[in-house]
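# Reading the structure
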There are 2 protein chains.
Amino acid sequence: MYSSLWLNYEKLYISDENERKVADILKNVCFISCDENNRIFKSIKNEIKTAFDILFDRETTFVTGEDASKALLIKKVTNEKLGKEGYRIYSTENAFFVEANDYNGLLYGTFRFIELIRLGKLTEEVNIIKIPDNPLRMLNHWDNMTGDIERGYSGNSFFFEDNKMIINDRTLMYARAVSSVGINAVVINNVNVKGEASYLISDRHYENMKKLSEIFADYGIRLFVSANYALPMEYGIDSADPLDERVIKWWSDKCKEIYDNLPLLGGFLVKADSEGRPGPFTYGRTQADGANMLARAIAPYGGLIIWRCFVYNCKQDWRDEKTDRARAGYDYFHDLDGKFEENVVLQIKNGPMDFQVREPVSPLFGGLENTNQMLEVQIAQEYTGQQKHVCYLIPWFKEILTFNTHMKEASVADIISGRVMGNKNAGMAAVCNTGNDYNWTGHDLAGANLYGFGRLSFDTLLSAEDIAKEWAMLYLAQALGEKSFEERNGKKIVDTITDILMKSWPAYEKYNAPLGIGWMVVPGIHYGPDVDGYEYSPWGTYHKADLHAIGRDRTEAGTGFTSQYRKENADMYASVKTCPEELLLFFHRLPYNYVLKNGKTIIQHIYDTHFEGAAEAEDMFESFKSLKGLIADDVYERAASRFEHQTEHAKEWRDVINSYFFRKTGIKDEKGRPLF
Amino acid sequence: MYSSLWLNYEKLYISDENERKVADILKNVCFISCDENNRIFKSIKNEIKTAFDILFDRETTFVTGEDASKALLIKKVTNEKLGKEGYRIYSTENAFFVEANDYNGLLYGTFRFIELIRLGKLTEEVNIIKIPDNPLRMLNHWDNMTGDIERGYSGNSFFFEDNKMIINDRTLMYARAVSSVGINAVVINNVNVKGEASYLISDRHYENMKKLSEIFADYGIRLFVSANYALPMEYGIDSADPLDERVIKWWSDKCKEIYDNLPLLGGFLVKADSEGRPGPFTYGRTQADGANMLARAIAPYGGLIIWRCFVYNCKQDWRDEKTDRARAGYDYFHDLDGKFEENVVLQIKNGPMDFQVREPVSPLFGGLENTNQMLEVQIAQEYTGQQKHVCYLIPWFKEILTFNTHMKEASVADIISGRVMGNKNAGMAAVCNTGNDYNWTGHDLAGANLYGFGRLSFDTLLSAEDIAKEWAMLYLAQALGEKSFEERNGKKIVDTITDILMKSWPAYEKYNAPLGIGWMVVPGIHYGPDVDGYEYSPWGTYHKADLHAIGRDRTEAGTGFTSQYRKENADMYASVKTCPEELLLFFHRLPYNYVLKNGKTIIQHIYDTHFEGAAEAEDMFESFKSLKGLIADDVYERAASRFEHQTEHAKEWRDVINSYFFRKTGIKDEKGRPLF
């Protein structure tokens, strides 16, 4: 059992003359210059039929011929302005058009067209041209073949169970849903490739992998696989040295075999030399040696190597003041700029640490001038409430995308889109938040992150708020059946949900670790407060709080991390005066009585934000309660039980963090609120 | 593959005329007044044959007739002085005697006789009478039927695998070994009864349980089982209310069925109303209601109910200053004194918390005047280094046993032996430290805790040092084959091992949490330092350290825990002047600059003990290294790798604890040693 996510087509309520006219036009659908045998074409036709038949509660007629009037015309064109995968939606007096240069564009245009109908936004004035900003719009599933999901908070895998692949009707639902928001690449297995997963690219699983790649391809999605860098060693070669001729030949032969069996495969995602994974370092080689060896082996088949930059020393001595994990990505990869094959893409986590609720942008963005790059974000809420807390992450991703790297004044979005370097292998990836729960994402409101990531990766200029509104509308508030938008309290639903979503990340940040310092979580599980949890551990994530001060000096006087940025940013971060305050303790060690720009001391800021954050969590729940009876009961009940937990857990965060600092500093809250 | 523990019989080195004479006498063994069909008799005979044939490298002759001279005479006698399970070993000019009133006594005497030979202590002057101090000398295995062991640090279970019972040659080795040190009762399954283990007392497992009970009975051991208090509910009764007639009848019928199938069963161990286990509290009944209901059901068959007193609220609010977990056992059980059936034994953990490296003795000892009691200790080193650190616990158990409760001036040993109340259902239990590792206990030196617990439970007056020496001798330093004790460097081995063992618990205590406060461990796994690990949690184990002070006031002015003791002890603990300093922070909240009797401040004491403890760990390793080549290589290699880890891990303890307090207090080490 699974929901249809935002594709929950139901009969529309037709509210006025204009909508009646639109419905009338859409009785007929006509394809122009399309090859009926194209696999994506078939999906487009299916989707239109499925959607229109339900939305308008009638049979849609497919007509032929360029002269069709009073119809939706889906037209393959040649129009440079629409680029690759782009589309145009527009109308004439009696017709609507979806045009694109390729079937992928037609598919995205079709999905968007259906959305516009459901959103009530289809008018005669419609005229939209959208070309995806990012060539690669990817989901990374951390699903293990045993069926569990690393950092999965919404059930088990729907790709794997008991070391076998699952292909069923849910697979199709998945492909439709993620394609509808623009996803065109999916890695189905955990980057930590364990056990049977090493053999996804072998005879054992080719048959099912092929089936899956075809289902994906029907929706414009390329199937990728996380590959085990040391795979040759599983086949009797005693090395995985990327310069060893035997290894080179093995991978070359292997890639031929793979593509003989899986011609639609997109390529490999590789986590090497990271957190215990094997890699080229074992043989004294660089990350480029490793990535390029694989890239050359896969190049003849058009495959890509997505190479993760999450390389750092996870066995650090916490007593060591000099080593700084934040530096690691840049230290390992910066000097390799320009040395990667054209079909290698470096996948760089948004920050230098690991998906904290707040981090600076990785200095690799702007540090690499001549290397394919992809931004990796995480919609699986590992550190942001694990889909028990609502935490809408799109506002955070927007901040990351618009960050000015000062490399040619390019933003992160400029770099990963390929606009700056003119490269085509670039884009965005998200560690996915789905599982086999009925609602796919554990918390129903976490669905907004899945929807939002897809939409944002396609169109990085969209606002987080608009995305939230559209998702709320499509998921919860459409005018349906016999009820108008007003009768359904649609505006209240959309406004309330959007308001909650927009407040959720700031609230979570408030009751989490203060001022960008991160990591005050229970080790291993990464849920719940534990201020010293990572303090005396080998993971390189220290706040060094004592009775006087907190934070790490990452300026030149300290670990020197700030110098990895372009001068403008390095200067900004290096000075306590210009460092954005939400990152103050990430870059600086400061006494608790340091006065922030708002006139508050750091300690009072900690108290205030934590009381505020917990109160905001409670407010969000109160606000959500007002939707009881307005939104579907099952959604309400599921989400309400999570809000209830979040409300209590936010108080736990508040009291643990505040009490920790009260006990350490002895400084009372100015407002006399309880500290323990 | 498994070792023979301290029963590793090998050919003895005969060093002098006396030993030659002894060997000569022992050519013949004669049984007097023994029933050859008795099951224990057979074990005695087997053990003698096995031992003597190997030790003397020849065939032993079993002769008959009271007139046998030049022989070992095993004689069942009637001698009130030897009591139940007691024995006498003595010699005449040409003969040795082992005498007892029962076969159990003969078995213990025989094992001890063999030990004396191996220890080189058998002379013509030998004259030993030993009657076990404690009627019940029990091991509690926390083995799950899945095969894993809760708090197991030496491999998986040798009783269970994949929800089936294991009975093989190792079972026999186990029975021989634990019987040889006096154990007469064994609970084979985890007190947290989960899954299949509920059905050990059912048709599913009767056949194997019976076999096991017989193997045990051959060695004087009664098989016990941890029972699921809510078992009737697994059989369709919708209640486990101890006063519900259906429940009473169900258990009554069940016990009949059980004993029809397992006539040798000793009874049940029950963990009720504890850490999520079901119990009488669910139905508003007392612990006595629950225990007595089971006791009446099992009484007709001579069975015992061992009822654990580990009942407390494990969902406490850490903000709550009033609730004190330490009080819970007494609060729940004190008023029930005298209200338990005669075949109920309360099993009381040594301290009021949970097997910390240092705790006061539970006030239930001395608080209960008219109730069967058993002392529960833990040789599984859950909080004491998990059999990676060497931590010989017998000195700690000695302190507990000799604690004066001031109830009729009785020590704990007086109470649990039955001497004070004249009761026969009493004794000692240890949570066991064994698993299916080759050496049974992970760390070879942890074998001394298994050996030592048995010996001590039989004879509570033995010194920890003597026990250590004998174990070291039997396990590592016997004079064997062609080499004398001197040639084997026996003295050096025994002295070194004994010295390490005797220093190990004090060293561990030094680098652990200071002054009796406990609980500074990683939650859940209970290994490694985490000062605040249990500080903001529901487990009721708080140190409340802030920048000024640490500890909890458990006097009348605080939680009132001290008042649970008899007046003399209550007064002693309530005053900072008379409170034993090793427990100071358990009972009192004190500033870091409080001056101890040795003139040191608490903070300096913390620094000093932690530097000392880590240095002592290193010293123990250095000392152990001197045995390389002297003791068996496999023992050396296994233990050395653990000592190496301990040495490093003790430094981690030192630095984490010291740095935590340095950061919190800002007070430097007087000696200027590094703090981080």
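Thresholds applied
Residues numbered from 1 in each chain as written. Chains lettered and ligands numbered in written order. Predicted model: local features only at pLDDT ≥ 70, side-chain atom pairs only at ≥ 80, totals over all residues. Heavy atoms only, no water. Least-squares fit on C-alpha atoms with pLDDT ≥ 70 in both. Contact = heavy atoms within 4.5 Å. Helix = DSSP H or I, 4+ residues; strand = E, 2+ residues; numbered from the N terminus. Buried < 20%, exposed > 50% of the residue type's maximum accessible area, 1.4 Å probe, protein only. Pairing = 2+ DSSP bridges. Axes fitted to C-alpha atoms, helices over the stretch in contact; angles between N-to-C directions. Salt bridge = Lys/Arg side-chain N within 4 Å of Asp/Glu carboxyl O. Buried area = accessible area lost by both parts, 1.4 Å probe. Polar contact = N/O pair within 3.5 Å; in protein donor to acceptor, adjacent residues only side chain to side chain. Nonpolar A, V, L, I, M, F, W, Y, C, P; charged D, E, K, R; others polar. pLDDT = per-residue confidence, 0-100. Core = buried A, V, L, I, M, F, W, Y, C linked by side-chain atoms within 4.5 Å. Phe/Tyr/Trp six-rings, centres within 6.5 Å; stacked < 30°, edge-to-face > 60°. Lys NZ or Arg CZ within 6 Å of the ring centre and 35° of its normal. Arc of directions from axis to C-beta. Parallel < 35°, antiparallel > 145°, perpendicular 65-115°, else oblique. Left-handed = near helix turned anticlockwise from the far one by under 90°.

### A short note on the relation of the copies chain B and chain A
Taken together, a rotation about one axis and a shift along it account for how the two chain copies relate. If you rotate chain B by 179° and push it 0.1 Å along the axis, it lands on chain A with an RMSD of 0.1 Å. Taken together, the rotation and translation describe the operation of a two-fold axis. In terms of proximity to the rotation axis, the leading residue of chain B is Lys664 of chain B, whose C-alpha is 2.8 Å off the axis. Interface residue correspondence from chain B to chain A reaches 100%, placing this contact among same-surface, isologous pairings.

### Some words on unusual backbone geometry
Residues and elements named next belong to chain A. Of note in this structure, His406 is not a glycine but carries a positive phi near 65°. A positive phi is found at Trp519, a non-glycine position, where the angle reads about 65°. Secondary-structure assignment places Trp519 in the loop between helix H15 (490-511) and strand S19 (549-550). Assessed through its relative accessible area of 4%, Trp519 is described here as buried.

### Here we look at the sheet that holds strand S6 (residues 127-130) of chain B
Sheet strands pair via backbone hydrogen bonds, and the direction of the pair is either parallel or antiparallel. Residues and elements named next belong to chain B. Strand order in the open sheet formed by six strands is S2-S1-S3-S5-S4-S6, and the pairing between neighbours is mixed. Two strands bound the open sheet, and with one partner strand each, they are strand S2 (61-63) and S6. Strand-to-strand, the axes of this sheet are offset by a mean angle of 20°, without reference to chain direction. As paired elements, strand S4 (residues 87-92) and strand S5 (residues 95-100) share five bridges and run antiparallel to each other. Bridge assignment links Tyr90 to a residue of S5, and that residue is Phe97.

### Here's the deal with the environment of Glu214 of chain B
All names here are of chain B. Turning to its location among the elements, Glu214 is positioned in helix H5 (residues 206-218). Glu214 gets classed as partly exposed once you look at its relative accessible area, which sits at 26%. Along the backbone, Glu214 and Leu265 are 51 residues apart, and their C-alpha atoms lie at a distance of 9.5 Å. Those residues in contact with Glu214, other than ones at most four positions away along the chain, are Arg39 and Leu264.

### Considerations on the pattern of salt bridges
Inspection of every chain in the model, using the stated rule, returns 118 salt bridges over all chains. In this structure, the salt-bridge partner of Arg246 of chain B is Asp244 of chain B, at a minimum N-O distance of 2.7 Å. The network of salt bridges with shared partners includes Arg112, Glu115, Lys121, Arg455 and Glu470 of chain A.

### Brief notes about the interface of chain B and chain A
In many analyses, interface size is given as the accessible surface area lost on bringing the parts together. Each partner contributes residues to the interface: chain B has 22 residues there, and chain A has 22 residues. Interface area for chain B against chain A, summed over the two sides, is near 2000 Å², with a carbon-plus-sulfur share of 55%. Broken down residue by residue, the surface that chain B buries against chain A is led by Arg319, Tyr536 and Arg663 of chain B, which jointly contribute 38%. Counting every contact that joins chain B to chain A gives six salt bridges. Remark: the boundary between chain B and chain A carries 10 residue pairs in polar contact (both at pLDDT 80 or more). Counted by class, the side of chain B that touches chain A contains eight nonpolar, three polar and 11 charged residues.

### Focus: the confidence of the model for chain A
In the predicted model, chain A carries a mean pLDDT of 97, and the fraction of residues at 70 or more is 100%. With pTM at 0.95, the complex prediction returns an ipTM value of 0.92.

### Examining the environment of Lys577 of chain A
Residues and elements named next belong to chain A. Position of Lys577 among the secondary structure elements: in the loop between helix H16 (567-574) and helix H17 (584-587). Its relative accessible area of 59% is what places Lys577 among the exposed residues. Linking Lys577 and Lys597, residues 20 residues apart in sequence, is a C-alpha distance of 8.9 Å. With residues up to four places along the chain from it excluded, the contact list for Lys577 reads Tyr594 and Lys597.

### With respect to the nonpolar core
Residues Phe52, Phe268, Trp307, Phe624 and Phe661 of chain B are the most contacted members of the largest nonpolar core, which totals 226 residues. Counting 225 residues, the second largest nonpolar core, distinct from the first, contains Leu462, Ala472, Leu480 and Tyr594 of chain A.

### Comments concerning the packing of aromatic side chains
All names here are of chain A. According to the stated counting rule, one finds 88 aromatic pairs over all chains in the structure shown. For the ring pair Tyr174 and Phe216, a centre distance of 6.0 Å and an interplane angle of 40° mean the geometry is tilted. With a gap of 42 residues between them, Tyr174 in helix H4 (residues 169-180) and Phe216 in helix H5 (residues 206-218) connect regions that are remote in the sequence. Phe216 shares its class with Tyr174; the two are buried. Relative to Phe587, the ring of Phe561 lies with its centre 5.9 Å away and its plane at 15°, an arrangement referred to as stacked. With a gap of 26 residues between them, Phe561 in the loop between S19 and H16 and Phe587 in helix H17 connect regions that are remote in the sequence. On the basis of relative accessible area, Phe561 is assigned to the buried category, the value being 0%. By way of ring pairs, the aromatic residues Tyr2, Phe158, Phe159, Phe160, Tyr174, Phe216 and Trp440 are connected into one cluster. For Arg170, the ring lying beneath its charged end belongs to Trp440, and the centroid distance is 4.0 Å. Directly above the aromatic system of Phe586 lies the positively charged group of Arg554, at a separation of 4.3 Å from the ring centroid.

### A few points about H16 of chain A
All names here are of chain A. Every buried residue belonging to H16 is among Asn569, Ala570 and Tyr573, and all of these are buried. Take H16 and look down its axis: the buried residues cluster within an arc of 100°, on one side only. Against strand S16 (404-407) and H17 lie the buried residues of H16.

### A word on the packing of helix H14 (residues 464-477) of chain B against helix H15 (residues 490-511) of chain B
Residue and element names in this part refer to chain B. It is at 9 Å that the axes of H14 and H15 come closest, and there the two elements cross at 135°. Between H14 and H15, the crossing angle belongs to the class labelled oblique. Pair H14 / H15 crosses with right-handed handedness. Here Ala464, Glu465, Ala468, Lys469, Trp471, Ala472, Met473, Leu476 and Ala477 of H14 come into contact with H15, specifically with Gly490, Ile493, Val494, Ile497, Thr498, Leu501 and Met502. For the contact of H14 with H15, the residue count by class is 12 nonpolar, two polar and two charged.

### Considerations on the sheet that holds strand S4 (residues 87-91) of chain A
Residue and element names in this part refer to chain A. Ordered in space as S2-S1-S3-S5-S4-S6, the six strands form an open sheet in which the pairing is mixed. Each edge of the open sheet carries a strand with a single partner, namely strand S2 (61-63) and strand S6 (127-130). Taking each pair of neighbouring strands and ignoring which way they run, the sheet shows an average axis angle of 15°. The pairing of strand S3 (residues 71-76) with strand S5 (residues 95-100) spans six bridges and is classified as parallel. Within S5, the residue paired with Lys75 across the bridge is Glu99. Of the strands in this sheet, strand S1 (28-32), S2 and S3 touch helix H2 (residues 39-55), which is tilted by about 170° from S1.

### Observations regarding the environment of Asp530 of chain B
Turning to its location among the elements, Asp530 of chain B is positioned in the loop between H15 and strand S19 (549-550). Exposure remark for Asp530 of chain B: the relative accessible area of 11% places this residue in the buried category. Each C-alpha atom, one on Asp530 of chain B and one on Trp519 of chain B, is 8.4 Å from the other, the two residues being 11 residues apart in sequence. For Asp530 of chain B, the contacting residues outside a window of four places in its chain are Asp530 of chain A together with Trp519, Met520, Val521, Val522 and Pro523 of chain B.

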